[in-house]
Amino acid sequence: MLRQKAFVKKTKSGKVLKVVKEHYLRDDIWCSAEACKECGHTETVLSATPSINKLFPLPHYIIPDTNIFMNQIDVMEKPQITNVIVLQTVLEEVKHLSLPIYKRVRDMISNKEKHFYVFSNEHHRETFIEKLKDESPNDRNDRAIRVATKWYANHIKDLKPQVSVVMMTDDAANRSKGTADGLQAVSVKWYIEALDNTELLDMISDSRELDDGQQLIYSEHLTPAHLSNGIKTGKFHQGKLGISSHNYLEGSVFTKIDGIEGTILIVGRENLNRAVDGDIIAVELLPKSEWRTTPTGVVVDEEEEKEEEESLKAEQKAASEHKEDVTMTDATKTATTTSALLDTPQPCGKVVGIIRRNWRQYCGFIDRKSVHTPAGSSAPINVLFYAMDSKIPKIKIRTRQAHSLLGQRIIVSIDSWPKTSKFPIGHFIRSLGEAGDKSTETEVLLLEHDVPFHEFSKQVLSFLPVEGENWVVQPEHFNGREDFRDLPVCSIDPPGCTDIDDALHVVALPNGNYQVGVHIADVTHFVKPGNVMDAEAASRGTTVYLVDKRIDMLPGLLGTNLCSLRSNVERLAFSCIWELNQDAEIVKVRFTKSVIASKASLTYEEAQNRIDDERMQDDITQGIRTLNTLAKKLKQKRLDMGALTLASPEVRFSLERDTQDPVDVEMKELKETNALVEEFMLLANISVARKIFEKFPDSAMLRCHPTPPASSFEKLEKAVARMGITIDHSTSKTLSESLDNAVLPEEPYFNKLLRIMTTRCMMQAVYFCSGAKIEQEFRHYGLATDIYTHFTSPIRRYSDVMVHRQLHAAIDSDISYGNELTDKESMNELCNVLNHRNRMAQQAARSSVELFTHLFFKNKVQEEEGYVIRILKNAFIVLVPKYGIEGIVYASAKAHKTTAAVDATATTAVATTTPAAGQPILVYNPETDSLQSTEPLAEGESPKIQIQLFQKVMVQISIDDDLKGGGEGGMRQKLKMDLLKPWVEGISVHGICNKDDPEAHAVTSSLHAADKSNSLKRETEAPATPKRADKRSKA
Ligand SMILES: [Zn+2]
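In this text, all values refer to a predicted model and were calculated from it rather than measured experimentally.

### A few points about the overall build of the chain
What the chain contains, in helices and strands, is 27 helices and 39 strands. By residue count, 54% of the 1035 residues in the chain fall in the buried class. Partitioning the intrachain contacts of the chain with sequence separation of at least 6 by distance along the chain shows that 69% fall at a separation of at least 24.

Next up, the structure:
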């Protein structure tokens, strides 16, 4: 049967078209019930014995409406929910409403164990319905769901074994219409309650029960129409909210104000008005009188966290009268910190509406102090959830498992944030395991950084060569390739490297020049554009390196075997071949696909030893020496051009073989040979970038590093000026020279420290599509080159895969390629994805280091030398070079733990009056960008205590690992740094040694010895020494 369905559609250009679609109604759409003999199906999805729920007499299939999928997808995904009929009406609506949820529904449909069957009710002769006059599309669809349910009920009523259908909807009106029609209808809550499964019950998203407030805390969000109008007229400003990682009550949007790009600060709970980090928001500027004249950078510390919990408790008891105080605290908080003044007030704003939410699933934990029922109780209670991501506000959830979830890492998602609720309201999704456990915490950090870490699917693996590990280079592979098997190719990598994507060779030419080759694994021979494996790699974007494991971008067979350029096996490569003269200048360059057979896979150390060992005179060794000489010349040229030598405090852990627990930690050491490889990789990347840009001027995948804005150097400049050092950042060359000259003879670490801090003033390097920028913006600031890309690591970076494809197209006019290489828009989009994945991968790696640092410091208390690298308004950040770790030291008085033994021999007397906890001891002075003591000063006198950038301090490092929650660390397991020197009354602590751990004790005491000589020497230099502190306590 053929029907015509006509509707009008608006085109992109605004034209209205009448579209007539032919709509076939069919008789051959089967029910897919296993026991059905009537339908013509051969394979069935719905089981003959579906699950049972005590609400219903018979086992049954579930027919959910659209909102069940939209609001309760977490529940639907649980293994307990099976045998579901997904109506076409519902699936189409879900697709229209949310692509991510649609994808999750599709995943369930393709999961055989779920028994989710898509019933094409819109094409079924007996279940298709026309929209009635005066019927809304929603009502029509609800009716379609009821009609389809009814059809099923009739169709399967005589099956043996007996089954029935249940319509699941949270819409009471729809349910009663259904029951009036003789259908079985149920809400998700009733259904789940009857299953007696507390975990599932916790997952039901039901905002009403949690929203216990009646009084408004927040102002109403404006309607979308109102917002878009306001944005058009310039009354509101649109942007993505970024919350400060030090203070979740402070955020900012980067946007245009009167046509000029700038940042609007949003301070305090009221002004943030329920916006969450990453949301696209509309902001209205506050009157100029309310703009901030203080610098940002307040740290919300534990005291405030406590205050939050207090308010929750009160909120739970009596909802109404307390709210005033809660909002008041924000106001007073802002007021008390407003002390120092900036020259120009910073624009401040208030969120008037949310354009798009960026809510996701959050890992975190339940705050012990919000659990007020006796242990063992399973009554549903409202508790507070802390996300690991400190930018996320606490989330209120309702749970029956509060007690068993304490001490666990759990996942929670936000359902809503009513204007009457101080906190957003969410629901429990699942538990990840014990907090502090290495594997649990690793999963947390992968989830939190959006790293896809699932196993590669069968479908992905089906695109691997059928020969598997037995794949070898065949004669036909030589088509279009050069045979480089005889060249003295070798690879140099970190020890234990199994994914070798680059190798090198050099041969002296008769004319006195050198032929140098960089050979890169020919990954695109195996990864063809557009197939599932390619799509998976594109979505992963990069391999992620954690301390103890690697999350691969490509299946292991490729990454660590077929594409790994191991020694003594033939491998396919993409080669970049230069002729370089004695001065390492490029005479010629060409690119070719090739077959190589590496002669040696060396570590940096092995390569270095070969260079140094004069007895070794073989081809490979001599080649490495030549390459080393050329690399030094290349490097000098780059430095002359203004390339920067930056630094990061990278560390390496030694892990115990079995447990993979960290047993030692040291700074990564760089060998000359690291630089050797690096130089040729840079050269290859630059040469390839030129080539693909020439071929694809509008769509080449390139990488740039924008010039940092002058403002980002301000604080650093000021700080080093104090030491008589100037930083000229007008070009990377001048900056590079300033860094080279910035040496303090008495402080050998200073130069490295300065480079670390300079690195942090830099912008992020990013991928971009050449058509999206003007050529002047292509520049890579750090490398001082006018064009750059990534070609050398296609095993672990998807950008390089694209670049390989573009380079291949550029050198071989015979190969065909699709618009994936030429389409500017899709290339741009891909760059955005890769930039995101890259950032996340870096952060995940950092978090992994942090996790291992915590494991390393567990049960240890160590005293170390550190440097102040950042001054915040009420705290400062200390970097401890030995471990590459950073920690916050608060400038307010803290409640000292009683365990701190008082050192009787200390030069400092214990003050008789201890400052009250939370009271600011050091106050920020924006003029000197320092924290200083508050005693009244005479003209020209400097404060007794001053904490400034670069200052050397002594800190005591320990782990605040109150994994049960409720302690200062709030179960975030953070590194705790306490100030030892200089002595600041109310902030500093007396050093202690951990007597339970003889090893730590030994380390600590030997450090003591070393430090003493240091601190003696320092006494004359440091502005705040124990001597001064001593003087103060006497005064
Ligand atoms: Zn049937």
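Following the structure, the description resumes.
### A few points about the coordination of the zinc ion
Where a metal carries four tetrahedral donors, each ideal angle is 109.5 degrees; where it carries six octahedral donors, the ideal angles are 90 or 180 degrees. Protein coordination of the zinc ion is provided by Cys31 (SG), Cys36 (SG), Cys39 (SG) and His155 (NE2), with donor distances spanning 2.0 to 2.3 Å. One can describe the site at the zinc ion as tetrahedral: its four donor atoms subtend angles covering 99 to 116 degrees at the metal.

### What about helix H4 (residues 137–155)?
Counted at 1.5 Å a residue, the expected span for H4 with its 19 residues is 27 Å, and the 26 Å between its end C-alpha atoms agrees. Looking at H4, one finds that the buried residues are Arg140, Asn141, Asp142, Arg143, Ala144, Ile145, Arg146, Ala148, Thr149, Trp151, Tyr152 and His155. Those residues of H4 that are buried lie in contact with strand S3 (60–64), strand S4 (84–87), helix H2 (88–97), strand S5 (116–119), strand S6 (164–168) and helix H5 (172–180).

### Some points on helix H3 (residues 99–110)
If you check H3, its first and last C-alpha atoms are 16 Å apart, about what twelve residues at 1.5 Å a residue would give, namely 16 Å. Turning to H3, its buried residues are Ile101, Tyr102, Val105, Met108 and Ile109. Buried residues of H3, viewed axially, fall in a sector of 120 degrees; they line one side. Seen from the open side of H3, the exposed residues pointing more than 90 degrees away from its buried face are Leu99, Pro100, Lys103 and Ser110. Of the surrounding secondary structure, the elements contacted by the buried residues of H3 are helix H1 (66–76), S4, H2 and S5.

### Some remarks on the sheet that holds strand S14 (residues 361–366)
The mixed closed barrel is built from five strands, whose spatial order is S14-S15-S16-S18-S17. Averaged over all neighbouring strand pairs, the angle between strand axes comes to 50 degrees, with direction disregarded. Bridge analysis of strand S16 (residues 395–399) against strand S18 (residues 425–434) gives two bridges, and the strand direction is parallel. Bridge pairing links Ile397 to Gly426 in S18. Helix-sheet contacts for helix H14 (residues 438–448) involve S14, strand S17 (408–416) and S18, and the interaxial angle to S18 is about 140 degrees.

### What about the packing of helix H18 (residues 604–612) against helix H20 (residues 672–695)?
Close contact between H18 and H20 brings their axes to 8 Å; oriented N to C, the two are set at 100 degrees. With respect to H20, the axis of H18 lies roughly perpendicular. Taking contact as the criterion, the partners of Tyr604, Ala607, Gln608 and Ile611 in H18 are, on H20, Glu672, Thr673, Asn674 and Val677.

### A word on the side chain of Arg755
Here Arg755 shows up in helix H23 (residues 750–759). Filtering out sequence-adjacent residues up to four positions away, Arg755 remains in contact with Thr645, Leu646, Ala647, Leu739 and Asp740.

### Digging into the pairing of strand S34 (residues 885–890)
The pairing of strand S33 (residues 875–880) with S34 spans six bridges and is classified as antiparallel. The partner of Ile877 across the bridge, within S34, is Ile888. Taken together, S33 and the strand that follows it, S34, pair antiparallel across an intervening segment of four residues, in which Gly884 is found at a positive phi of about 65 degrees.

### Notes on the sheet that holds strand S10 (residues 250–257)
The sheet built from three strands is open, its strands ordered S9-S10-S11 with antiparallel pairing. A strand with exactly one partner marks an edge of an open sheet, and here the two such strands are strand S9 (242–243) and strand S11 (260–267). Judged from the two bridges that link them, S9 and S10 form a sheet pairing that is antiparallel. Note on S10: the bridge partner recorded for Gly242 is Ser252.

### Notes on the pattern of salt bridges
Inspection of every chain in the model, using the stated rule, returns 44 salt bridges. Salt-bridge contacts for Lys691 lead to Glu694; the nearest nitrogen and oxygen are separated by 3.8 Å. Of the two residues, Lys691 and Glu694 both sit in helix H20, three residues apart, roughly one turn of that helix. Between Asp978 and Lys976 there is a salt bridge, with the nearest N and O atoms lying 3.6 Å from each other. Its relative accessible area of 17% is what places Lys976 among the buried residues. Through salt bridges with shared partners, one network takes in Arg360, Asp389, Lys391 and Glu448.

### Side note on the packing of aromatic side chains
On inspection of all chains with the given rule, the structure shows 15 aromatic pairs. Taking 5.9 Å as the distance between ring centres and 50 degrees as the angle between the ring planes, the aromatic pair formed by Phe856 and Tyr883 counts as tilted. With Phe856 in helix H25 (residues 824–857) and Tyr883 in the loop between S33 and S34, this residue pair connects regions lying 27 residues apart in the sequence. Of the two residues examined, Phe856 and Tyr883, each falls in the buried class. Ring centres 4.9 Å apart and planes at 85 degrees place the aromatic pair Phe857 and Tyr883 in the edge-to-face group. Pair noted here: Phe857 is in helix H25 and Tyr883 is in the loop between S33 and S34, with a separation of 26 residues, a long-range link. For Tyr883, a relative accessible area of 4% translates into the label buried. Ring pairs connect the aromatic residues Phe119, Trp151 and Tyr152, which therefore count as one cluster. The residue whose ring lies beneath Arg175 is Trp190, and the NZ or CZ to ring-centre distance is 4.6 Å. A cation over an aromatic ring shows up here: Arg540 above the ring of Phe456, its NZ or CZ 4.0 Å from the ring centre.

### Regarding the packing of helix H19 (residues 619–641) against H20
Packing of H19 against H20 leaves a shortest axis separation of 9 Å and a crossing angle of 65 degrees. Relative to H20, the element H19 lies roughly perpendicular. You can see that H19 and H20 cross each other, and the crossing is left-handed. Between H19, through Ile624, Leu627, Asn628, Leu630, Ala631, Lys632, Leu634, Lys635 and Arg638, and H20, the contact on the second element is made entirely by Glu672, Ala675, Leu676, Glu678, Glu679, Phe680, Leu682 and Leu683. Considering only residue class, the contact of H19 with H20 consists of ten nonpolar, one polar and six charged.

### A look at the pairing of strand S20 (residues 490–493)
The two faces of a sheet get side chains in turn, since along a regular strand they alternate between them. Across the two faces of S20 the burial is the same, with Cys490 and Ile492 and Ser491 and Asp493 all buried. Bridge analysis of S20 against strand S27 (residues 600–603) gives four bridges, and the strand direction is parallel. Across the sheet, residue Ser491 finds its bridge partner in S27, namely Ser601.

### Side note on unusual backbone geometry
The amide bond that connects Lys160 to the next residue, Pro161, takes the cis arrangement and shows omega of -10 degrees. Among the secondary structure elements, Pro161 is positioned in the loop between H4 and S6. For the bond running from Lys981 to Pro982, omega is 0 degrees, close enough to zero to count as cis. Here Pro982 is to be found in the loop between strand S39 (974–981) and helix H26 (998–1018). Unlike most non-glycine residues, His115 shows phi in positive territory, near 50 degrees. Take His115: it is sitting in the loop between H3 and S5. Take His115: its relative accessible area is 25%, and that puts it in the partly exposed class. The backbone of Asp450 sits at a positive phi, close to 55 degrees, despite the residue not being glycine.

### Side note on the environment of Val766
For Val766, the location among the structural elements is in strand S31 (residues 766–769). Each C-alpha atom, one on Val766 and one on Pro706, is 8.5 Å from the other, the two residues being 60 residues apart in sequence. Here Val766 is in contact with Leu702, Arg703, Cys704 and Asn835, once residues within four sequence places are set aside.

Rules and cut-offs
Residues numbered from 1 in each chain as written. Predicted model: local features only at pLDDT ≥ 70, side-chain atom pairs only at ≥ 80, totals over all residues. Heavy atoms only, no water. Helix = DSSP H or I, 4+ residues; strand = E, 2+ residues; numbered from the N terminus. Buried < 20%, exposed > 50% of the residue type's maximum accessible area, 1.4 Å probe, protein only. Contact = heavy atoms within 4.5 Å. Donors = N, O, S within 2.8 Å, 3.2 Å for Na, K, Ca; no water. Tetrahedral: all angles 85-135°; square planar, octahedral: opposite > 155°, others 65-115°. Expected span 1.5 Å × (residues − 1). Arc of directions from axis to C-beta. Pairing = 2+ DSSP bridges. Axes fitted to C-alpha atoms, helices over the stretch in contact; angles between N-to-C directions. Parallel < 35°, antiparallel > 145°, perpendicular 65-115°, else oblique. Salt bridge = Lys/Arg side-chain N within 4 Å of Asp/Glu carboxyl O. Phe/Tyr/Trp six-rings, centres within 6.5 Å; stacked < 30°, edge-to-face > 60°. Lys NZ or Arg CZ within 6 Å of the ring centre and 35° of its normal. Left-handed = near helix turned anticlockwise from the far one by under 90°. Nonpolar A, V, L, I, M, F, W, Y, C, P; charged D, E, K, R; others polar.

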